[in-house]
Amino acid sequence: MATKLSIGLMPVRHKLKSFIGFVDVRNFPVCRNLSSNTNPLYICNARITRCSKLGDIVNARRVFDEIPHKNVVTWNCMISGYVRNGMIREAREVFDAVPGRNIVSWTAMLSGYAKCGMLEEARVLFEKIDNKNVVCWNSMISGYVRNGEIREARKLFEAMPVKDSVSWVTIIEGYCRYGLVSEAKKLFDRASKKSVLVYNAMLAGYAEMGYVDDSYELFVIMPQRDVASWTCMIKCFSNGGQVERARSLFQEMPEKDVVAWTTMMRAYLQNGRIADARELFNEMPHKDIVAWNSMIDGCIQNGRVEDALELFMQMPRRDTVSWNSVLQGYVQQDDMINACKFFEAMPQNDETSWNIMIAGYQSEKALVLYVHMLQSGFKPDQGTFTSVISVCGVLSVHGWGRAMHLYVIKIGYENDTMVMSSLVSMYSRCGFLKYAAAAFERITDRDIVAWNAMIVAQAYHGSAVDTLNLFSSMIRGGLEPDHVTFLGLLTACAHSGLVDESWKQFNSMKVNWNLTPKPEHYACIVDLLGRSGLLAEAFELVKQLPVDLSAHAWESLLSSCRVHENFELGEFVALKLLSIQPCNVGMYVLLSNIYASRGLWKEAAHIRAVLKQLQLKKELACSWI
């Protein structure tokens, strides 16, 4: 094995002597015009690597095929190129054809399987390696960690004959990633030789979980810190909303790189301090494209699209991320006209660009764009499927939804929780609760999004008992509900007239789960009370809401007033709504109808006259049928 490994490490002159003495590769089409003191095979190998890094795997393979006598480095470059571009089958074909594999060949193939989630194949390959080095072990452990198999990763970690810093970092980061910080800390304490990398892994774990105090205690006792240590601590303070402490630490840093500057700038952006972020951005001694993109994205996220566009125009160099950030800004502002123009002006689109545009439309245009995306040679990903399936639900186009479901299965996304959750919502909106339940049952790793999708589906189909049972199952599974969960519960209770249960769930939001009810939750309760004829209680509840947040609740109350013919309260509610939403045409029409139903024709005519004077027109109704 040592002899094979030495091929890629021999001095250049020895490789030239042995290789050029055998064949003059300067006659190859891809290696012409090389100087006499250049190693042609080295250049060709470098070109394979460079092309594959740029995603040009076709040219990488062309270079590979044109070399008549390849060394093991050449084969490894091609394997790595395929792996890098997610072409695992092609990588395996090259791997199987390698005449004299070395440990690099095995490790490259092993990493490829692990990155693609093909853990069984990776483990089979791992077991076949005779002389496993620490890199092989680390690659396999990393594969398990990346794919959520933390127990298998731990078993393999414990079986390692020799562990290096990367081994400890990988397993500690794995436990922290899945929220098992206490177990990560036990491993950290076990590490005999704690390098700065190991300290940084634990520090990052604390920071990710928001343990600011624990992070800082560890940071203080670190025997040695590098720039990454300081930067991680700054990020931790930022995530905890302690921007001033982050800035103080930033100023104390003995040396700062562009990542540290960018992290501090993001801290300001994350906490809505755009002016401070811009000032820091202007002070940066060196700005890379990540810094520019971070500043632009921060402006977009804070609704400052014009500022983002100004920065975009000043950029010395732009990449697809830069263009996508501004595109996202237009879409967030519902400015689809400029979004389309910007999209068409982009020098290069990627899947993210298409996904942003598709998500921007909640109409048939999204489906048309999806077809154009496929015709342009782009492959749909999680974001594409989620957006398109959502649109299918909004438009109630069950045929399209079924076709999307089949395509999801065909290309292997049926284990993606987000995609399957969108299918649950789509089937529910199209009226196929049985299909929604079947899609839900297929989700193996259900998160809060998946549970919410099914809870809301049952709620809107009027199954209060099934909705409450689902909620109980979710709690037993160890998940905590969020605002969407309770919106589904309250909707189900409202549809079934369960006043007592509705109040119970509403009160439990704050008491049991520390969730402050939002206006839509109040609106559900108001709707239920109104349907039940309890208008006085509904009126008292609406008055508790801030004026700028209560429009939907007032509308629910007004609807109940009409149903129960409480015209006095209805008149008061309608006038209140008009003070909140003076351009709400529907409220003028409803108030006019209330007056007309009581025979107050003069008042009804006055409201109609006001409507005409304001030049407001009621939109015509439409039907899907």
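Numbering of residues starts from 1 in each chain and follows the order in which that chain's sequence is written. For a predicted model such as this one, the threshold for reporting local features is a pLDDT of at least 70, and the threshold for listing and counting side-chain atom pairs is 80 or more; totals across whole chains, interfaces and linings nevertheless cover every residue. Side-chain measures here rest on the full set of heavy atoms in the structure, leaving out hydrogens and waters.

J.: Quick one: what's the story with the pattern of salt bridges, residue by residue and with numbers?
T.: Within this document, salt bridges are pairs made up of a side-chain nitrogen of Lys or Arg and a carboxyl oxygen of Asp or Glu, the two lying within 4 Å of each other. Using the criterion set out here, one finds 16 salt bridges in the structure. The salt bridge partner of Glu127 is Arg123, with a shortest N-O separation of 2.8 Å. With a gap of 4 residues between them, Glu127 and Arg123 both fall in helix α8 (residues 119-128), about one helical turn apart. Burial classification: accessible surface area is computed with a 1.4 Å probe over protein chains only, and a residue below 20% of its type maximum counts as buried, one above 50% as exposed, and the rest as partly exposed. With relative accessibility at 46%, the residue Glu127 sits in the partly exposed group. Salt bridges sharing common partners tie together Arg154, Glu158, Glu183, Lys186 and Arg190. Each helix is a run of H or I in the DSSP string that is no shorter than four residues. Each strand is a run of E no shorter than two, and both are numbered from the N terminus.

J.: Describe in detail the side chain of Ser215, supporting the description with residues and values.
T.: Mapped onto the fold, Ser215 is located in helix α14 (residues 212-221). Whether two residues touch is decided by their heavy atoms; if any such pair falls within 4.5 Å, the residues are in contact. Aside from chain neighbours lying at most four places away, what touches Ser215 is Leu203, Tyr206, Ala207, Met233 and Cys236.

J.: An account of the UniProt feature "repeat: PPR" (unreviewed entry) in the protein chain is needed here, citing residue identities and associated values.
T.: UniProt positions are given in the numbering used here, feature names are shortened, and annotations may be inferred rather than shown by experiment. As recorded in UniProt, the sites labelled "repeat: PPR" (unreviewed entry) are residues 71-105, 133-167, 195-225, 226-260, 288-322 and 447-481. For residues 133-167, the helix share is 74%, the strand share is 0%, and the end-to-end C-alpha distance is 12 Å. The distance separating the terminal C-alpha atoms of residues 447-481 is 10 Å; by composition the span is 74% helix and 0% strand.

J.: Please provide a residue-by-residue account of the packing of α8 against helix α9 (residues 134-146), values included.
T.: Axes, fitted as lines to C-alpha atoms, cover a helix only where it is in contact. Angles between the N-to-C directions of the axes lie from 0 to 180 degrees. Two elements in contact, α8 and α9, have axes separated by 11 Å at closest approach and are oriented at 165°. In terms of axis orientation, α8 runs roughly antiparallel to α9. Judged by the sense of rotation from one axis to the other, the crossing of α8 with α9 is left-handed. Contacts between α8 and α9 involve Leu119, Ala122, Arg123 and Phe126 on the former and, on the latter, Cys136, Trp137, Met140, Gly143 and Tyr144. Partitioning the contact of α8 with α9 into residue classes produces 7 nonpolar, 1 polar and 1 charged. Oblique is the label for every angle not falling under 35 degrees (roughly parallel), over 145 degrees (roughly antiparallel), or within 65 to 115 degrees (roughly perpendicular). Handedness of a crossing is defined here by the sense of rotation of the near helix relative to the far one, left-handed for an anticlockwise turn of less than a right angle and right-handed for a clockwise turn. Residue polarity is assigned by list, with Asp, Glu, Lys and Arg as charged and Ala, Val, Leu, Ile, Met, Phe, Trp, Tyr, Cys and Pro as nonpolar; anything else, Gly included, falls into the polar class.

J.: Requested: an account of a positive patch on the surface, with residues and values cited.
T.: Together, Lys53, Arg84, Lys115, Arg146 and Arg177 give the surface a local cluster of positive charge. Its place among the elements puts Arg177 in helix α11 (residues 165-177). Patch membership requires more than 30% relative accessible area and the absence of a salt bridge. Residues of like charge join within 9 Å; the nonpolar side chains Val, Leu, Ile, Met, Phe, Trp and Tyr join within 5 Å. The protein chains shown are the only cover counted for residues, whose accessible areas, like all others here, come from Shrake-Rupley with a 1.4 Å probe. Charged residues are defined here as Lys and Arg on the positive side and Asp and Glu on the negative side; His and the ends of the chain fall outside this count. By convention, charge coordinates are those of NZ in Lys, CZ in Arg, CG in Asp, or CD in Glu.

J.: Residue-level account of helix α12 (residues 181-190), with values.
T.: Structural remark: α-helix, 3.6 residues per turn; residues separated by three or four positions point the same way. Val181, Ala184, Leu187 and Phe188 are the residues of α12 that are buried. Down the axis of α12, the buried set is contained in an arc of 115°. They therefore lie on one face. Opposite its buried face, α12 presents the exposed residues Ser182 and Lys186, each directed more than 90 degrees away. The elements touched by buried residues of α12 are α10 (150-159), α11, α13 (196-209) and α14. Arc definition: it is the arc formed by the directions from the helix axis to the C-beta atoms.

J.: Describe a nonpolar patch on the surface, naming the residues involved and giving the relevant values.
T.: A cluster of nonpolar side chains, Tyr216, Val220 and Ile221, forms an exposed patch at the surface whose accessible area comes to about 280 Å². Structurally, Tyr216 is set in helix α14.

J.: Before we move on, can you summarise unusual backbone geometry with the specific residues and values?
T.: One non-glycine residue with positive phi stands out, namely Asp334, at about 60°. Looking at the secondary structure, you find Asp334 in the loop between α21 (320-332) and α22 (336-345). Residue Ser396 is not a glycine yet carries a positive backbone phi of 55°. Residue placement: Ser396 occurs in the loop between α25 (382-395) and α26 (398-410). In this structure Ser396 comes out as partly exposed when scored by relative accessible area, which is 37%.

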